[in-house]
Each structure stands twice: as structure tokens, then as C-alpha cells.
Amino acid sequence: MQSVDAALHYLQEGFPVIPMSPENKKPLVKWTEFQPRLPSADEINGWWQKHPSAMVGLVTGSLSGIAVVDCDDEQAIKDIQGYLPDNYICPIAQTPRGGRHFYFEYPKDGDIHTVAGIMPHCDIRGQGGVIVCPPSVNSIGKEYKWMPGLELSRDAVQEMPAQLSCAFSQAHI
């Protein structure tokens, strides 16, 4: 699936999508406009026409209904998995450098902000954040991939387990 097709698919699922630079993971558009509103299919098609190698970015927070925990190394992944119940299933993407993005439902009555270093080698993307997602390919040809059977869809996103939410609250999200 090409990035533009994925972007349009995510839009159909109700996720705010923006194009991201494959060189530095920065938004290629002024994206604060897309924190309170979804882009149109025409906007998405225009962006990818202008930036055909753009990666797919999802705006996190209340509009998208998602918060993403970004683990940069194996220890951070183990730390986060330690807070998840054994039978817990959520969308998980593998990053080009071997990290993981864990996707959770953004709390309807809560307020999770985007915080770098919430735990060692671990960030959280909430209100005011954006995350690169599959099938994006960076400038050196490395790709973001969904873990088998753990792809993102509106139905797959679940509430963040209380243990993890409490751990983040103690770390002052």
C-alpha cells in the first residue's frame, strides 16, 4: 500500500493525517490546523502529489482519539509491556530502528499531553502530538510496519490499562 492510500484509509477511519518528512520526521504542512479538524481527501491527495515520498503522520489527542507510547529501545519496550495485562491486545508498530509504538484510546475524560522522556527512552504522544505510522518509509529505505495482527483500526484501539496510566500520572503527564 502506498503512503497516500494509507493516509486516505486512516482518514476513512477518522484519524487526522498529515504528511511527514522522510528525512527528519517533521510535518510538511502547518499541522496545528489539523488538531481540531480532519483534513479532506482532496487535501491529502494534494499533499502527496506535492510530496510523493512523504511519510504518514497521525495527529494524536482528543480529535484522533489516540495516544501513542513511543519506545526507542528494547528495555523501554519491556518496561511498557510490564504494565500491560497478559491478554491485552492493542495496535503496535515497529519503527525503523527497532522501537515500538503502542496505540491506546485517548481518554474522553482525561488529558494526556505529548511528553518526551516520560520514562527512560520512552515518549508519549497525546494532545498536541504527531506520530509517524506504517507503511511509512524513511529517507534511507527503512520502514514502519504493523506487528502481525496488531494493525491500527478504530475498533482495535483500547483504553490504556490503569497500571500504565497510573505510571504515567506519577511521571506527571
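The model shown is predicted, which means the values in this text are computed figures rather than measured ones.

Definitions and limits used
Residues numbered from 1 in each chain as written. Predicted model: local features only at pLDDT ≥ 70, side-chain atom pairs only at ≥ 80, totals over all residues. Heavy atoms only, no water. Helix = DSSP H or I, 4+ residues; strand = E, 2+ residues; numbered from the N terminus. Rg over C-alpha atoms; globule rule 2.2 N^0.38 Å. Contact = heavy atoms within 4.5 Å. Areas by Shrake-Rupley, 256 points an atom, 1.4 Å probe, with all protein chains shown as cover. Phe/Tyr/Trp six-rings, centres within 6.5 Å; stacked < 30°, edge-to-face > 60°. Buried < 20%, exposed > 50% of the residue type's maximum accessible area, 1.4 Å probe, protein only. Pairing = 2+ DSSP bridges. Axes fitted to C-alpha atoms, helices over the stretch in contact; angles between N-to-C directions. Parallel < 35°, antiparallel > 145°, perpendicular 65-115°, else oblique. Left-handed = near helix turned anticlockwise from the far one by under 90°. Nonpolar A, V, L, I, M, F, W, Y, C, P; charged D, E, K, R; others polar.

> Outline the overall build of the chain, listing residues and values.
In terms of regular secondary structure, the chain is built from four helices and nine strands. Secondary structure of the chain in N-to-C order comes out as α-β-α-β-β-α-β-β-β-β-β-β-α. The globule rule puts the C-alpha radius of gyration for 173 residues at 16 Å, and the 15 Å found for the chain is close to it. Counting only C-alpha atoms and orienting by the principal axes, one finds that the chain spans roughly 45 × 35 × 25 Å. Here the analysis covers contacts within the chain between residues at least 6 apart in sequence; of these, 73% occur between residues at least 24 apart. In the structure as shown, the chain presents an accessible area of about 8800 Å², 48% of it carried by carbon and sulfur atoms.

> Describe in detail the packing of aromatic side chains, supporting the description with residues and values.
Overall, the coordinates contain three aromatic pairs when judged by the stated rule. With a centroid separation of 5.1 Å and 85° between ring planes, the pair formed by Phe-34 and Trp-47 is classed as edge-to-face. Of this pair, Phe-34 sits in the loop between strand E1 (17-20) and helix H2 (41-50) while Trp-47 sits in helix H2; the two residues are 13 residues apart in sequence, bridging distant segments of the chain. Each member of the pair Phe-34 and Trp-47 is classed as buried.

> So, the pairing of strand E7 (residues 122-125): which residues are in play, and what are the values?
Because side chains alternate across E7, one face comprises the buried residues Cys-122 and Ile-124, and the other comprises Asp-123 and Arg-125, equally buried. Where strand E3 (residues 66-71) lies against E7, four bridges are found, and the strand directions are antiparallel. Residue pairing in the sheet places Val-68 in a bridge with Arg-125 of E7. From the end of strand E6 (residues 115-119) to the start of E7, which pair antiparallel, there are two residues, and His-121 there has a positive phi angle of about 60°.

> Go over the packing of helix H1 (residues 3-12) against H2 with me, naming the residues and quoting the values.
For the pair H1 and H2, the least separation of the axes is 10 Å and the interaxial angle reads 160°. In terms of orientation, H1 and H2 fall into the roughly antiparallel class. Of the two possible hands of crossing, H1 and H2 adopt the one that is right-handed. Contact residues: H1 offers Ser-3, Val-4, Ala-7, Leu-8 and Leu-11, while H2 offers Ala-41, Ile-44, Asn-45 and Trp-48. Here the contact of H1 with H2 is built from residues that sort into seven nonpolar, two polar and no charged.

None of the figures reported here should be taken as evidence of function without further support.
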